[in-house]
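Here is what each chain is made of, one letter per residue.
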Number of protein chains: 6
Amino acid sequence: MTYPPRPSGRAPGQLRPIVITRNYTRHAEGSVLIEFGDTKVICTASIEDKVPAFLKGKGQGWLTAEYGMLPRSTHKRMDREAARGKQSGRTQEIQRLIGRSLRAAFNLHAFGERTLHLDCDVIQADGGTRTAAITGAMVAAHDAFSTLLSSCAITALPVRHFVAAVSVGMVNGVPVLDLDYPEDSDCDTDMNVVMNDQGHFIEVQGTAEGAAFDRAAMDRLLDLAQAGIADLIHLQKQALRVD
Amino acid sequence: MTYPPRPSGRAPGQLRPIVITRNYTRHAEGSVLIEFGDTKVICTASIEDKVPAFLKGKGQGWLTAEYGMLPRSTHKRMDREAARGKQSGRTQEIQRLIGRSLRAAFNLHAFGERTLHLDCDVIQADGGTRTAAITGAMVAAHDAFSTLLSSCAITALPVRHFVAAVSVGMVNGVPVLDLDYPEDSDCDTDMNVVMNDQGHFIEVQGTAEGAAFDRAAMDRLLDLAQAGIADLIHLQKQALRVD
Amino acid sequence: MTYPPRPSGRAPGQLRPIVITRNYTRHAEGSVLIEFGDTKVICTASIEDKVPAFLKGKGQGWLTAEYGMLPRSTHKRMDREAARGKQSGRTQEIQRLIGRSLRAAFNLHAFGERTLHLDCDVIQADGGTRTAAITGAMVAAHDAFSTLLSSCAITALPVRHFVAAVSVGMVNGVPVLDLDYPEDSDCDTDMNVVMNDQGHFIEVQGTAEGAAFDRAAMDRLLDLAQAGIADLIHLQKQALRVD
Amino acid sequence: MTYPPRPSGRAPGQLRPIVITRNYTRHAEGSVLIEFGDTKVICTASIEDKVPAFLKGKGQGWLTAEYGMLPRSTHKRMDREAARGKQSGRTQEIQRLIGRSLRAAFNLHAFGERTLHLDCDVIQADGGTRTAAITGAMVAAHDAFSTLLSSCAITALPVRHFVAAVSVGMVNGVPVLDLDYPEDSDCDTDMNVVMNDQGHFIEVQGTAEGAAFDRAAMDRLLDLAQAGIADLIHLQKQALRVD
Amino acid sequence: MTYPPRPSGRAPGQLRPIVITRNYTRHAEGSVLIEFGDTKVICTASIEDKVPAFLKGKGQGWLTAEYGMLPRSTHKRMDREAARGKQSGRTQEIQRLIGRSLRAAFNLHAFGERTLHLDCDVIQADGGTRTAAITGAMVAAHDAFSTLLSSCAITALPVRHFVAAVSVGMVNGVPVLDLDYPEDSDCDTDMNVVMNDQGHFIEVQGTAEGAAFDRAAMDRLLDLAQAGIADLIHLQKQALRVD
Amino acid sequence: MTYPPRPSGRAPGQLRPIVITRNYTRHAEGSVLIEFGDTKVICTASIEDKVPAFLKGKGQGWLTAEYGMLPRSTHKRMDREAARGKQSGRTQEIQRLIGRSLRAAFNLHAFGERTLHLDCDVIQADGGTRTAAITGAMVAAHDAFSTLLSSCAITALPVRHFVAAVSVGMVNGVPVLDLDYPEDSDCDTDMNVVMNDQGHFIEVQGTAEGAAFDRAAMDRLLDLAQAGIADLIHLQKQALRVD
């Protein structure tokens, strides 16, 4: 069976070129620029020596994430959220998703009463910003914990599982991996999948914006995601020089 | 294979008692009280004779949803969002989900330049408020469009598909349907599924708050959801006396 | 002297049918649905084991109230206050009124360092929502304190006086009791009166939206209110089975 | 019968010294400094040549009021509302009261599609700021309309009735007129009354913060208010040199 | 060389009539009405017996300023910032400027853990409100510290330097001192200068709204400011009867 | 005379290495990464085909600027302004400064009814972010207008003057150019100067945070700024390949 070609010429199960640049900015304990093709996100991981009020004295840490887009990271300039005085529902959804995904990656009981703040700021958007953010934040967080380890503040990295994310979707009836903006704005169904290095699911968020999809399509989309995430985790480990 | 019993004594694939009361309040074009066991949500559908600015003059309608909880609908009193001056991220996520789900149910091009406002207000919460809200809002919206039809403002109901929603999850390793609060607060994985009367997916939102889950578990959860939603759509049609 | 008939057919001094349903929802320490004809308000009373900062360590309790309307409780859908990000001046006025009225009903020094939160949420509005809210909140608060008493947290109910409220107004020159929406939107003068079981005044708030009114009218309105409130307090006590 | 003396030495029915200074600031169409003893309020009336959206094209005018206190107008410095980012419930109640009271004074159909903005800013507070504000705003509004008349924009002053306001209250069991701060913070009952030059009521807002009060007290308080307001209207007319 | 006359008839280096009225309102520890011609600002200084969190326990004091304009202090009514729910960028800039300027006047380590709040509220504006505010706030703060001294809370006035401010600008190519509103709205360049009694600079804020200005103009403007501020500090000391 | 060495080893009048990278991101009409040493700011210029309401129909354009810092652009993580729900006073001051400075660079009457939005986002901060932002925004705006010119929407570039900015300050009694963070946090006086390619002043904002400074110091600081800005404008023109 032959498919109509993707706008980018990629095969249905092919990721965009993925580039992970560590130590992108200077001040953060972990700082990564991640590129999924033309989508570019700065992910910084900052360690603070205290926890939110609801965890005080419980001997455990916390991990939280925030997400933003520069106003002209997009094709058309968007309003600046700081100027409008509130974050959109979409922004809040995404930062909650990043936070939950990364909390599944680390052992919150193994780095003391500290908070890891992940800031994911999109400087150029071309589809898939939230999956790039999760995948890059994993690396930034890993670097931040390595900094803690180097300073002897902890005795082992609190990593439970590597975590990465990718989008899949039905474009013109074809299941494809890692949608770019032209595909994303044109697709019937968009699903973001977060998995760990055991191939288990952490988050699945699928939306049929156009036509509802059947169980067979669902199954094929999950297959694509599983393979793509395995590749992404391989790239994360390569960037970090861990195996 | 035998399972540990559910707190409610229900079988793994058994819904809670579902009650749909139409015409619950007097002013709205559609007004439904839906009960999923002890979860009770008032869903009203209000028709306004204009559309948002971005659709003006395009000859189509719009459908939007808002969600709220009475402060003491829950076990412990929550702050009132109107008093705090903003809706939480959770509230925004849920109302965006309800809106997308119901827009998949109706043909927005078939009821003129009108807006259908769906208000889903939880008066008692015991788990599954968003799935009850979607399921009840379908009935309220149907009633509101019937009102329009009766007044000859439209010539046919703009229904594309009936839509309903249910939660599924892994509780102590067992896949179960329609989690109540004790199960919800205890589960490893929680997935909300929205489907239509063709058995196709509209939304899938799964979160592994505890342990990540494998593909086999995913498959069993989707099976449970599919069966539960078929039952819910049957109950919606019964309440509306349509077949 | 004969009067023009009221839209509802009631006599000038006649209340609407009053229904008080206790234990309306499950989680709150006190939960009441109160109906003044077609006006329906859920009043819940929640006990929290702490007081606001300004009372900490003073050995006394606090009582506070919040008020809201479901967006489609009214003839025309109103904006949701949580979505607009602030409570209207009207809402704040009403919840301040409810709070002051109920603080006059209970002895704040007789239930420890606790806060009683009263939430009055209108699910259907047909005039007189604030007076129904006060009258219902009295019963919900009484139930909440009975719960405290049953759990031996206090040794006696901290009730000073029963308190109830009713509206009176000049409609087409005739003083009438307990205005419903058609009368309310048409009247020259609207006065809300809160009194206790000794027949003493706690609050009087009269507004001549149309024509100013003279002292004689004022006197007749106060007479009507006094009689109506005596009836309402009788109904509260009946519902609570106290004398 | 003898009464305990008032802190100020005034007789129970005696107003504080009232001073009305017109043309207090330069830019406003009407600008008044009103003093009720040590309470000093700047009332300005500004005319704008348009009406709010809900009145556009209806050929009538509008009148609206805002109220504020300088942060150190009070004994203890209060937070600045502009800095806190919202007006308190008390502020909103007061400005709604001022607006309703003054709308009863003027014929909104007799000054074209214009808005009269009344700004009442307390520069020194010693009790009774809202009643001073209403009384002073009447004079400022009168001056603003006289400006319109001089410029031939209208052909007659749109005055229906002069309106003034005063507080009355029970202090140590004694009904007194025009409470100053020491009395206000100590009283059982505080009632603000707004009346017109026919001796008719426009607003009555009584609150029993301490002990509820009986009908006899109510009657005596209304008597005091009626006499005090007649005096205030006399002073307004004197200041404006109208009879 | 002759210049075109200023609208007010003043010489280029001539201040407007300056009037400093101490004890303008009753409650504040320091309260000054300052007039720069038709610009009138109430400056109050309030002492609070605590410091902000970031200074707690450090044994030093704090000084902070807020600025506001009555809505009709200006030629055209402005929106009330408290009603709009936020302070404009201009307001924030000005109050930050006042705070920095006055912190340079006093020794924050010499009045204990106290906060001095300066409130500068413009009741009539005719250009130069921020410079009048700084100049008046100096006097109000001095009075507040004298109150502390009288009560023996401190043993010496914590004054380092007297501080005053004035505007200078290029109007029709001519450098002038202390611009009033007609000059201010018409000028090419406007510069606000804050200096102390040693003739040293504390703040310089120049903006070329029309034509950029050269170094020679800059030099002449600084000369004018220096002379004007010396005069203002003389008037401050005269008002306070210090030399 | 010898000076104590600067932390960076630079001479007093030496700029940091300046790097201007055009076309840094893909979507904006102009996109520049500007580096003043370790300070890195993304400046994008976006053209919108409409003007704010106050300019509609006047046949002229508008130019406005916004400024932000990524939360971990700084040594210590700052709160995200979008999450806090408002921009700080500092942010507003800076974006107002950028807007005024760039409006002096271009002829607003020469590019039709369009708005140029300048977004300056700091990705790494090491002192002087606002001066880097102005200097980079000049280049981004130039590129955006070149895009308009290429598309024949305008017939000539609307450039009046090149504009650049730099900071100067007294560090340990020595006047220095282009302060980095260690100098900035340690200096007595900090002055930001904006000039054009004629050597004329557009903005001067000096603040003596520590010790006030005399006229001689002021003169030396202005000399340094003038020379530094001439160099920066040379670099801007080189980057744009204009002379």
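Residues numbered from 1 in each chain as written. Chains lettered and ligands numbered in written order. Predicted model: local features only at pLDDT ≥ 70, side-chain atom pairs only at ≥ 80, totals over all residues. Heavy atoms only, no water.

What about the overall build of chain A?
Scanning chain A for helices and strands turns up five helices and nine strands. Written out in order from the N terminus, the α and β elements of chain A read β-β-β-β-α-α-β-α-β-β-α-β-β-α. Compactness check: chain A gives a C-alpha radius of gyration of 18 Å against a globular reference of 18 Å for 243 residues, within 12% of the reference. For chain A, the residues scored as buried account for 61% of the 243 residues in total. Counting only carbon and sulfur atoms, one obtains 49% of the accessible surface of chain A, whose full area is about 9100 Å². Between the averaged position of the 26 positive side-chain charges in chain A and that of its 29 negative side-chain charges there is a distance of 5 Å. (Helix = DSSP H or I, 4+ residues; strand = E, 2+ residues; numbered from the N terminus. Rg over C-alpha atoms; globule rule 2.2 N^0.38 Å. Buried < 20%, exposed > 50% of the residue type's maximum accessible area, 1.4 Å probe, protein only. Areas by Shrake-Rupley, 256 points an atom, 1.4 Å probe, with all protein chains shown as cover. Lys, Arg positive; Asp, Glu negative; His and termini not counted. Charge placed at Lys NZ, Arg CZ, Asp CG, Glu CD.)

Regarding the packing of aromatic side chains
Tallied over the entire structure, the rule returns 24 aromatic pairs over all chains. A ring pair is formed by F201(C) and F213(D), whose centres lie 5.5 Å apart and whose planes are at 35°; its orientation type is tilted. Here F201(C) is found in strand 9 (residues 201-208), whereas its partner F213(D) is found in the loop between strand 9 (201-208) and helix 5 (215-240) on a different chain. The same class applies to F201(C) as to F213(D), namely buried. Here F54(D) and W62(D) contribute two aromatic rings whose centre-to-centre distance is 5.4 Å and whose plane-to-plane angle is 85°, an arrangement assigned as edge-to-face. We note K237(B) situated over the ring of F162(B); from NZ or CZ to the ring centre the distance is 5.1 Å. (Phe/Tyr/Trp six-rings, centres within 6.5 Å; stacked < 30°, edge-to-face > 60°. Lys NZ or Arg CZ within 6 Å of the ring centre and 35° of its normal.)

Some details on the packing of helix 3 (residues 129-150) of chain C against helix 5 (residues 215-240) of chain C
All names here are of chain C. Running from amino to carboxyl end, helix 3 crosses helix 5 at an angle of 30°, the nearest separation of the two axes being 10 Å. In terms of orientation, helix 3 lies roughly parallel with respect to helix 5. Two packed elements cross with a definite hand, and for helix 3 against helix 5 that hand is right-handed. Where helix 3 abuts helix 5, its residues T135, M138, V139, H142 and D143 lie against L232, Q236 and L240. Within the contact of helix 3 with helix 5, the residues separate by chemical class into four nonpolar, three polar and one charged. (Axes fitted to C-alpha atoms, helices over the stretch in contact; angles between N-to-C directions. Parallel < 35°, antiparallel > 145°, perpendicular 65-115°, else oblique. Left-handed = near helix turned anticlockwise from the far one by under 90°. Contact = heavy atoms within 4.5 Å. Nonpolar A, V, L, I, M, F, W, Y, C, P; charged D, E, K, R; others polar.)

Focus on the UniProt feature "binding site: phosphate" (unreviewed entry) in chain A
When the UniProt feature table is mapped onto this chain, "binding site: phosphate" (unreviewed entry) is found at R90(A), G128(A), T129(A) and R130(A). In three dimensions, the annotated residues from a span of 41 residues occupy one location, with a maximal C-alpha spread of 13.4 Å. Those residues in contact with R90(A) that lie beyond four places of it in its chain are Y67(A), M69(A), T129(A), R130(A) and R96(B). Note on placement: G128(A) falls in the loop between strand 5 (115-124) and helix 3 (129-150). Those residues in contact with G128(A) that sit more than four places away from it in its chain are R16(A), T39(A) and L179(A). (UniProt positions renumbered as here; feature names shortened; annotations may be inferred.)

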